[in-house]
Every structure is written in C-alpha cells, then in structure tokens.
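So the chains spell out like this:
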Amino acid sequence: MGYRTLLRDHRGLLGIAFLAMFTSSLGQSYFIGLFQAPISEHLDLTAGQFGTAYALVTLVAGFAMLRLGPSIDWVSPRRFAMIVLTALTGGVLLLTLSPWWGLGVLGLGLIRLCGQGMMPHLGNTLAGREFTTMRGRALGLVSMGLMFGETLLPPLMAALLVWLGWRELWWLFALVLAGLWAPLLLHGPWPMAPGKRPVRGQRHQGPRPFRDPTFWKLLPLLMTLPITMTGLFIYQAVMTRELGSSLGVYALALAGLGLAKLPGALLGGRWVDRLGPVRLARFYLLPFALALVIAIAFGGHLGVWALMIGGGLAIGSQESIATSLLVRIWGAEHLGSVRATLSACMVFATGLAPAVLGLALDLGVGFTSILAGMLAFLVGGWWLAQGVLASQATRGA
C-alpha cells in the first residue's frame, strides 16, 4: 500500500497525529528563538538570565516527561490531547500576560513541556501504535508536521511582526491552532486507550527502560543526531567562521536541511515497511557520518552544506526508524512508556549539549576537533548498538 492509499483510508487519524506534530512548533527552540529578545524584555531578563531559565525549564520538562508521558498508554488519546492543549494554552497566557517574571518562566516551562515534549509524544505514539504493516509510512507522513512548521513559520512570523506585536502574534497562532483542533476533538476518529491505569501499589507490569541494558545500548545511537545537530545550530557562528564559510551560506544550507528532511521522511518510512527498522537502524546515520568526514577534511562552504544536507536526510528518517524499533523490541502496548523515557533523555541531552560544547570552545578546542568528537560519538553509538540489532535481526524481519 502506497502513501496515496494510506492517506485515503486513514486521513482522519493521520490528520490528528500530523496536527500534533505541527502544534509542537509552539514549544520548539527555533520558534521560541524567534521571540527571544522581546520575551526577555517582557520578563525583564538579560540574555544570559533567559538562557539559564530556558535550560532549567527544559530540564524540568524532561523530568516531567518521565512522569507524565507513560500515561498515554492508559489515558484515551482524545483526553490526553485535551489536557495537553489546555496546559499549552495556559502556558501561552502566562508567558504573554503575566507581569511577574516567575509566572512568565512557568508559562515558558509549560510551553516547552507540552510543545517540545507532549505533542510530538502524542503524534508519534498514535502513528506508531495504531498502524502495523504501514507503520513506517505513517510515521514518515506524521513527522512532516514538524517539518512543515519549521519551513513555514519562521518567514511567516517574521513577516507578520511588521504589523503585529509578539504577544498578539502568539495569540493569533494559538487561535489558529484552536480552530484546527476543534473539529478533530469533536468529531475525529480517536482510538481507545490501549490499556488500563496501573493500580496504585501494584507491581509494575510494563518495561522499565532504565533497568534494561538493551535501552542503554540503543540510546547513544538514537541520541547522536539530537545532540550533535543542537550543537551545530547553537554554535553556528563559530562553526562557519572556523570552517571558512559564512552565515549567509549557513542560512541557505539550513533551508537545504529542511528540504532534505522530506525525502528522508518519505523514503525512510517506505524502507522501514519494506526492510524493517533493524536493518535501517544500522545505516541511517551514514549520510551524516559522511557529512562529518567531508566537513573535517575540506571545511569551507562544502563542509557547511554537507553537514546540513547529511543531517537533514538522517533526521528525516530517524523518527520512523526509532519508533518502529521501540515497537519491535517492547511492543506497541508499551510504546507510550518507552517513548516517554527516550524523549526525556533527548530533552536532557539537548539541554546539556550546548553547555558541554561551550566549555570545550572556552578551553580553546577547535571546531574541527569538535566535529571529530561528534564523529567518534556517532561511531561509538553505532558500535554499541550492533549487539542489540543483531539479536533483533535473528527474530526475523
């Protein structure tokens, strides 16, 4: 079955998951970064104080994901979506209306938790759990919701800022999202909850990823892209300067990254269905590994373009591969719990990665050496996962 048939037969459920991914844009770093200066001025925070507050609320959101994310395994998805949307709306109101910086930071935390954390968790869990033979394609289509936001929103927000203030722009975007969600919440084809809420005091029945060596062996492989690409985004100025390129070239290459995600998602989803996630998990980081080698060896404009295109291809395919792999190992009925743990780990790592790279730069480490460290981390994560992938391969495709 191709993408056209999938869209024809399951457009309602795919629409819910796609919209969840698009809604997550509200809490993503790239979107909040567009308004960093006016938000800092509104909260009376310096740039450094805003950065510290942002890192702290991100880490707290990661811990909250560990606690709240697994509930999607027993709370109905419709109710889960309504709770998350309510909290997200409350976060927007607190951030934009509160006269006290503490409540504003609390609002920012709710936006990060529900936007970056819970909304992608909802979209990916629905697609990964409700589809079986077409899981890869469904995840590929759903992931395009976030890509759509990354491509559309920055230029649109920049254009609208000419006529609207930043707060009015946030309210307008929230109203647009509410208008899109209302018919789906009222009439959408929502599935039932897959399980029952655990009884308090009853022994835990599902997987415990932090106690499972399999999870720890897979974790570095799955976290390579979030960690390294966050570092490249945050330190883009240093990267372009030391590689002998320019921020203008980086801006064009960043658009190329967005375009490269599209074939990564569509082809990745199709190949997951045909070849299985185990085979693809062994090779999907190859474009980014080659990009790192090119950047280290040649630098310049070629190096910047290689990093963005190679990273885009790998990022586009990762969610289809990662979620399908989690289902294969731990089962669809426990996908919410396992994905919540993985998402929390990614939040922690992407919150800490800029600090680690910043310390390395302060110590005088060159960016080419940092890229070499990223390549070593990629190879190490790939090597560590090979035992798990080999054991899964013996179970059959």
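Every value quoted in this text rests on a predicted model; they were computed, and no experiment measured them.

Asks: I'd like to hear about the overall build of the protein chain, residue by residue, with values.
Replies: On a plain count of helices and strands, the protein chain comes out with 16 helices and zero strands. Taking 397 residues into account, the globule formula puts the C-alpha radius of gyration at 21 Å, and the protein chain, at 21 Å, falls close to it. By its C-alpha atoms, the protein chain is 50 × 50 × 45 Å across when sized along the principal axes. Looking at the protein chain residue by residue over its 397 residues, the buried ones come to 53%. Excluding contacts between residues fewer than 6 apart, the proportion of contacts in the protein chain whose partners are at least 24 apart in sequence is 83%. Per element, the accessible surface of the protein chain, about 17,900 Å² overall, is 68% carbon and sulfur. Across the protein chain, the 27 positively charged side chains and the 13 negatively charged ones have centroids separated by 12 Å.

Asks: Report on helix H13 (residues 286–298), specifying residues and quantitative values.
Replies: Look at H13: 18 Å from first C-alpha to last across 13 residues, which is about the 18 Å you get at 1.5 Å a residue. When we look at burial in H13, the residues that qualify are Phe288, Ala289, Ala291, Leu292 and Ala295. Take H13 and look down its axis: the buried residues cluster within an arc of 160°, on one side only. Within H13, the exposed residues directed more than 90 degrees away from the buried face are Ala297 and Phe298. A positive backbone phi angle near 60° is found at Gly299, which sits one or two residues after H13.

Asks: Mind laying out empty space enclosed by the protein, listing which residues take part and the relevant values?
Replies: Empty pockets left among the atoms are what a rolling probe the size of a water molecule brings to light. Enumeration according to the criterion identifies one cavity of 30 Å³ or more in this entry. Of the volumes computed, that of the largest cavity is approximately 30 Å³. Taken together, Phe215, Leu218, Leu219, Leu222, Leu326, Trp330 and Leu342 make up the full set of residues lining the largest cavity. Among the secondary structure elements, those contributing two or more residues to the lining of the largest cavity are helix H9 (213–234) and helix H14 (300–330). In terms of residue count, H9 provides more of the lining of the largest cavity than any other element does, four residues in total.

Asks: Explain the packing of H9 against H14 to me, and be specific about the residues and the numbers.
Replies: For the pair H9 and H14, interaxial distance at closest approach is 11 Å and the crossing angle is 155°. It follows that H9 is roughly antiparallel to H14 by the angle criterion. Regarding H9 and H14, the two cross each other, and that crossing is left-handed. For the pair formed by H9 and H14, the contact residues are Thr214, Phe215, Leu218, Leu222, Leu225, Pro226, Met229, Leu232 and Phe233 on the first element and Leu307, Met308, Gly311, Ala314, Ile315, Gln318, Ala322, Leu325, Ile329 and Trp330 on the second. Taken together, the residues of the contact of H9 with H14 break down into 16 nonpolar, three polar and no charged.

Asks: Describe the pattern of salt bridges, naming the residues involved and giving the relevant values.
Replies: In this structure the tally under the stated criterion is five salt bridges. Here Arg129 and Glu130 are joined by a salt bridge, their closest N and O atoms 3.8 Å apart. With relative accessibility at 9%, the residue Arg129 sits in the buried group. Among the ionic pairs, Lys261 bridges to Glu150, the shortest N-O distance being 2.5 Å. Taken together, the residues span a long stretch of sequence, with Lys261 in helix H11 (residues 247–275) and Glu150 in helix H7 (residues 135–160) at a distance of 111 residues. Judged by relative accessible area, which is 8%, Lys261 ranks as buried. Here Glu150 falls in the partly exposed class, since its relative accessible area comes to 28%. Through salt bridges with shared partners, a single network forms among Asp73, Arg129 and Glu130.

Asks: Quick one: what's the story with the side chain of Gln28, residue by residue and with numbers?
Replies: You can see Gln28 is positioned in the loop between helix H1 (3–23) and helix H2 (29–33). Residues in contact with Gln28, not counting those within four places in the same chain, are Tyr54, Arg112, Gly115, Gln116, Pro120 and Leu146.

Asks: Tell me about the environment of Val304, residues and numbers included.
Replies: Tracing the backbone shows Val304 in helix H14. Separated by 57 residues in sequence, Val304 and Leu361 place their C-alpha atoms 18 Å apart. For Val304, the contacting residues outside a window of four places in its chain are Thr240, Leu243, Ser245, Tyr250 and Ala253.

Asks: Can you break down the nonpolar core residue by residue, with the values?
Replies: Ranked by internal contacts, the top residues of the largest apolar core, which has 57 residues, are Leu218, Leu232, Phe288, Leu307, Met308, Phe367 and Leu371. Contributing elements (two or more residues each) for this core: H9, helix H10 (236–243), H11, helix H12 (277–281), H13, H14, helix H15 (335–362) and helix H16 (367–393). Take this core: its biggest share by element is 12 residues, from H14. Discounting residues that sit within four places of it in the chain, Leu307 has contacts with Met229, Leu232, Met239, Leu243, Phe288, Ala291, Leu292, Ala295 and Leu371. If you look at the next biggest cluster of nonpolar residues, it comprises 50 residues, including Leu88, Cys114, Leu177 and Trp190.

The rules behind these values
Residues numbered from 1 in each chain as written. Predicted model: local features only at pLDDT ≥ 70, side-chain atom pairs only at ≥ 80, totals over all residues. Heavy atoms only, no water. Helix = DSSP H or I, 4+ residues; strand = E, 2+ residues; numbered from the N terminus. Rg over C-alpha atoms; globule rule 2.2 N^0.38 Å. Buried < 20%, exposed > 50% of the residue type's maximum accessible area, 1.4 Å probe, protein only. Contact = heavy atoms within 4.5 Å. Areas by Shrake-Rupley, 256 points an atom, 1.4 Å probe, with all protein chains shown as cover. Lys, Arg positive; Asp, Glu negative; His and termini not counted. Charge placed at Lys NZ, Arg CZ, Asp CG, Glu CD. Expected span 1.5 Å × (residues − 1). Arc of directions from axis to C-beta. 1 Å grid on protein atoms, 1.4 Å probe; cavity = no way out; pocket = protein on both sides within 12 Å on 5 of 7 lines; lining within 4 Å. Points joined across faces, edges and corners; volume = space filled by probe spheres on them. Axes fitted to C-alpha atoms, helices over the stretch in contact; angles between N-to-C directions. Parallel < 35°, antiparallel > 145°, perpendicular 65-115°, else oblique. Left-handed = near helix turned anticlockwise from the far one by under 90°. Nonpolar A, V, L, I, M, F, W, Y, C, P; charged D, E, K, R; others polar. Salt bridge = Lys/Arg side-chain N within 4 Å of Asp/Glu carboxyl O. Core = buried A, V, L, I, M, F, W, Y, C linked by side-chain atoms within 4.5 Å.

Just distances and angles here, no functional claims.
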